[in-house]
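Structural overview for review
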Amino acid sequence: MADNSKYTRLLEPHYIGGVKIRNRIIKTAAETFLYNENDGYVNDTCKYFYETMARGGAGAVYVESPAIDPPLSKIAKWGLRLDDDKYIKGFSELTAGIHKHGCPAFLQLLHAGPWHQSFVTGHQAVSSSVPPQAEFAVWESNMPRELAIDEIEKIIEKFTNAAVRAEKAGFDGVDLNAGGAHLLSAFLSGYLNSRRDDYGGPLENRARIVVTIIQRIKKRLGNDYPVGVVMNGVEVGYPESTEQAIEEGQALAQILEKAGADSIQVRRYQYGYIGSLWPEQFLYPEPFEPLPKELDWSRKGAGAFVPLAGEIKKKVSIPVITVGRLDPELGESVLHEGKADFIGMCRRLFADPDLPNKIAAGKPKDIAPCTACLYCLDRVRMREPIHCRINASLGKSRNFEIKPAEKKKKVMVVGGGPSGMEAARVAALRGHEVVLFAKEPKLGGMLPTAAMIKGTEIEDLVSFIRYFKRQLTKLCIDVRLEKEITAHDVEALSPDTVILAVGGLPISPDIPGTGRPNVLKSEDLHKKLKIFQRFMGPDLLGWLTRFWMPIGKQVLIIGGAMQGCELAEFLTLRGRKVTIVDTADQLGNGIVSEQKNRLLKWMAVKKVSMITGVKTYKEITRKGLVIINKNGNEQFLEADNILTALPVAPNNELMEILKNKAPGIVVIGDCREPGLIAPAVADGAKAGRKI
């Protein structure tokens, strides 16, 4: 019998209004871009995504916001729509998929307001009033206009009509997003809202639009139809006299409850910094901005917003939902302490939709971990369908399900990195006999090195390796470490299919002087690190490097993509004076945008010299590097050591050796096409499904 006694509160049912929520885990709403770009209809991939979330055991699934006033109600013009009855059918099919698994479905309703991207659509954004331009650079070319009273009335009616359509489509309730800096929150904000009419001034007036929407929905659909509200518990980042303190957040929550709200989800917003929705990002690479005093930083960002929910809960009797890097252990603790009634999760359920079922079955160690890499967010920002680094199935169609193979085969996987481990896992799940070979003494490929350089406080690659290692063991995959494969090995094993996932080839720049003793190439660095990695984990090794490294105080890095920038971060944190040089015009290629922006800003504060647009690397001397800079001038850059940190190249060396040694050879990951961890895992998943 499964032991799930550790999560008694998390697994118990509760209610939002009259709707029974089967446990305390809420899949919160988030944009997915899993829809047809221009027609606004729900497609099969979107339906399957939400059905997967419900099948995984979440207490309730909150569906992303459709456009209720297109295009202004969306950040950009793309997205689902519910501004017309013709869209109801698609949403009905979506809710049917959720309900099939005994899970309630809620629809979040949102109007982007000032965050509508006018430069994309050509339509001017709208807001409660014109924002103070001097305070908000984000609006310099996107300045919204103030809504007139009659326009406010129309928007209230559009929210109400959308709720009515949601009910017709089978949604068990709706959730009004009045958090962040969207339209409803722009009315609630004492800083963004400078109106002098019935919708501005005192809090009661600023809350009028949200209160009226709640009351109109209740009038149309009845008091028993649940209406939740997402709100900011506090708002900071602008003149102190207009910041929203927790006392005002409490007062707002009471106003919303009195108006008929059935639940409140509490967030925190910092104007000018979108990353305030992801609390761990405040700590990356260092908390070089003052950490918000209202939040709990004792767990490196996890659960940072919980104190806000706890303060709101003191003043209302309706359920309170808390969010922000919560996991099952922390969620259980929060519930026991009475600081919230529901635990909102999003990224963790992207990584493993079956998280609720796994804790109910007493199998928490089998949960695929979210490593807080923000790859999912970055995809959405690029208006691409959402994907996940560890869960290659996320955002895919029903055809991507893992199904038993029609014919069982012997599969040989060469390479123990992300793509190789995933290929082995999927192939074994389908019933194949799998043997995995890796030349390193430990699984993970380059991941242990990346974990040491990046650290594990924010982005936990160690848990990523641990998860795959456990799954390979559970699936009885024959893992053979410290083995370099030859043609003879393939002939001896006689596999039906060989999957090559041996990684890419390091690139060495063709610069006179690269053989000098002051030059350390990336492949040499990796070899030295692997010696220590035999005996130490990334955390211990990273800690030790804070005290000693065989690298001088002044370091120059050739290569400004992800590899070079993260190496620069690592060395700067260890007291080195760093210079990065690259032929590209911009640094940070390959880093997700949220982290790249913070990292480049941090490096500037730390006085890392960043030289882009280099025309020629002329010569390495014993004292540094001579370049021809972007202005065409010769420039000498002094350094004690020069490190190369360039992206790898495709690797077909083993493919040539093994050609014709097995009926089928598949090349995946970096040795096929160098990229990030997420595409490597996706490559492995695809290979495992095709055998």
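Coordinates for the structure precede this section.
Described below are features of the structure shown in this document. (Residues numbered from 1 in each chain as written. Predicted model: local features only at pLDDT ≥ 70, side-chain atom pairs only at ≥ 80, totals over all residues. Heavy atoms only, no water.)

1. A look at helix α2 (residues 44-55)
Note the following rule: Segments assigned H or I by DSSP are reported as helices when at least four residues long, segments assigned E as strands when at least two residues long, and all are numbered from the N terminus. The span expected for a helix works out to 1.5 Å for each residue beyond the first. Any residue under 20% of the maximum accessible area for its type is buried, any over 50% is exposed, and the rest in between are partly exposed; the area is computed with a 1.4 Å probe on protein chains only. Contact between two residues is taken to exist if any of their heavy atoms lie within 4.5 Å; hydrogens are not considered. Pairing of N or O atoms within 3.5 Å defines a polar contact, subject to two protein rules: one partner must be a possible hydrogen donor and the other a possible acceptor, and residues neighboring in sequence count only if both atoms are side-chain atoms.
Along its twelve residues, α2 runs 16 Å from first to last C-alpha, staying within 8% of the 16 Å computed at 1.5 Å per residue. Counting buried positions along α2 yields nine of twelve residues, so the element is predominantly enclosed. Tucked into the core, α2 has its buried residues touching β3 (25-27), β4 (60-63), α3 (88-99) and α12 (347-351). Where α2 begins, one side-chain oxygen reaches toward the backbone nitrogen of T45, 3.2 Å away; that side chain belongs to N43.

2. Examining empty space enclosed by the protein
Operational definition: The pocket and cavity definitions rest on a 1 Å grid over protein atoms only: a 1.4 Å probe that fits but cannot leave marks a cavity, an open set with protein on both sides within 12 Å along at least five of seven lines marks a pocket, and residues lining either have an atom within 4 Å of a point. Grid points are joined across faces, edges and corners, and a volume is the space filled by probe spheres set on the points. When residues are grouped by polarity, Ala, Val, Leu, Ile, Met, Phe, Trp, Tyr, Cys and Pro land in nonpolar, Asp, Glu, Lys and Arg in charged, and all others, Gly among them, in polar.
In this structure the tally under the stated criterion is one cavity of 30 Å³ or more. Quantified by volume, the largest cavity comes out at close to 100 Å³. Contributing elements (two or more residues each) for the lining of the largest cavity: α12 and α14 (375-381). Here the element with the most residues in the lining of the largest cavity is α12; it accounts for three residues. Tallied by class, residues from the lining of the largest cavity come to eleven nonpolar, two polar and two charged.

3. Concerning unusual backbone geometry
Following P70, the chain continues to P71 via a peptide bond in cis, the omega torsion being -5°. Mapped onto the fold, P71 is located in the loop between β4 and α3. For the peptide bond that leads from Y284 to P285, omega is -15°, which places it in the cis range. Position of P285 among the secondary structure elements: in the loop between β10 (263-270) and α10 (306-313). The phi dihedral of R383 falls on the positive side, at around 60°, and the residue is not glycine. For E482, which is not glycine, the phi torsion reads 55° and is therefore positive. Under the relative-accessibility criterion, E482 is labelled partly exposed at 47%.

4. Observations regarding the pairing of strand β13 (residues 410-414)
Operational definition: When the strands point away from the viewer, a crossover counts as right-handed if the path from the first strand over the helix to the second runs clockwise. When DSSP finds two or more bridges between a pair of strands, those strands are recorded as paired.
Counting buried residues in β13 gives four out of five residues, a clear majority hidden from the surface. Read from β13 through helix α15 (residues 418-429) to strand β14 (residues 433-437), the crossover connection turns out right-handed. As judged from the four bridges shared by β13 and strand β16 (residues 497-500), these two strands associate in the parallel manner. Bridged to M412 within β16 is V498.

5. As for the packing of aromatic side chains
Inclusion rule: Note on aromatic pairs: the rings of Phe, Tyr and Trp (six-membered ring only in Trp) are paired at centre separations within 6.5 Å, and the planes decide the class, stacked below 30 degrees, edge-to-face beyond 60, tilted for the rest. A ring is scored as having a charge over it whenever the NZ atom of a lysine or the CZ atom of an arginine sits within 6 Å of its centre and within 35 degrees of its normal.
By the definition in use, this model includes ten aromatic pairs. Each ring, one from F464 and one from F468, has its centre 5.2 Å from the other, and the planes form 50°; the classification is tilted. Of this pair, F464 and F468 both sit in helix α17 (residues 461-474), four residues apart, roughly one helical turn. Taken as a pair, F464 and F468 share a single burial class, namely buried. For the pair Y467 and F468, a centre-to-centre distance of 5.4 Å together with 70° between the ring planes defines the contact as edge-to-face. Across the pair, exposure class does not vary: Y467 and F468 are buried alike. Aromatic ring contacts, followed pair by pair, group F49, Y50 and F350 into a single cluster. Over the ring of F342 we find R24, and its NZ or CZ is 5.9 Å from the ring centre. For K396, the ring lying beneath its charged end belongs to F400, and the centroid distance is 5.1 Å.

6. What about the sheet that holds strand β25 (residues 664-667)?
Going by this rule: As a rule, the C-alpha atoms of each element are fitted with a line to give its axis, helices using only the stretch in contact, and angles between N-to-C directions run from 0 to 180 degrees.
The strand order β15-β14-β13-β16-β25 describes an open sheet built from five strands, whose pairing is parallel. Every interior strand has two partners, whereas the edge strands, β15 (478-480) and β25, have only one. Taken pair by pair, the neighbouring strands of this sheet meet at an average axis angle of 15°, ignoring direction. When β16 meets β25, the two strands line up parallel, connected through four bridges. Looking at the pairing, T497 lines up with G664 of β25. Sheet strands in contact with α15 are β13, β14 and β16, and its direction is about 165° off that of β14.

7. Observations regarding the side chain of E440
Topologically, E440 is positioned in the loop between β14 and α16 (447-454). In contact with E440, other than residues within four places in its own chain, are L481, E482 and K530.

8. A short note on a nonpolar patch on the surface
How we decide: Here a patch means residues that are over 30% exposed by relative accessible area and free of salt bridges, tied together within 9 Å if like-charged and within 5 Å if nonpolar (Val, Leu, Ile, Met, Phe, Trp, Tyr). Computed by Shrake-Rupley with a 1.4 Å probe, the accessible areas treat only the displayed protein chains as cover when residues are assessed. We define a salt bridge as a contact between a side-chain nitrogen of Lys or Arg and a carboxyl oxygen of Asp or Glu at a distance within 4 Å.
Residues L540, W543, L544, F547 and W548 make up a contiguous nonpolar surface patch of roughly 590 Å² in combined accessible area. Tracing the sequence through the fold places W548 in the loop between α20 (538-544) and β18 (554-558). The exposure class of W548 is exposed, given its relative accessible area of 58%.

9. As for the environment of E457
In this fold, E457 is placed in the loop between α16 and α17. Among the residues examined, E457 registers a relative accessible area of 55% and is labelled exposed. For the pair E457 and P495, spaced 38 residues apart in sequence, the C-alpha separation works out to 41 Å.

10. With respect to the sheet that holds strand β23 (residues 634-638)
Across a sheet, paired strands are connected by hydrogen bonds in the backbone, their directions being either parallel or antiparallel. On the basis of which strands lie adjacent, the open sheet formed by three strands has the order β21-β22-β23 and antiparallel pairing. Looking at the sheet topology across the chains shown, the edges are occupied by β21 (616-621) and β23. Each strand of the sheet is rotated relative to its neighbour by a mean of 20°, with strand direction disregarded. Bridge count for strand β22 (residues 624-628) against β23 is five bridges, and the pairing is antiparallel. By the bridge assignment for β23, L625 is matched with L637.

Take it as geometry only, folks, not as evidence of what the structure does.
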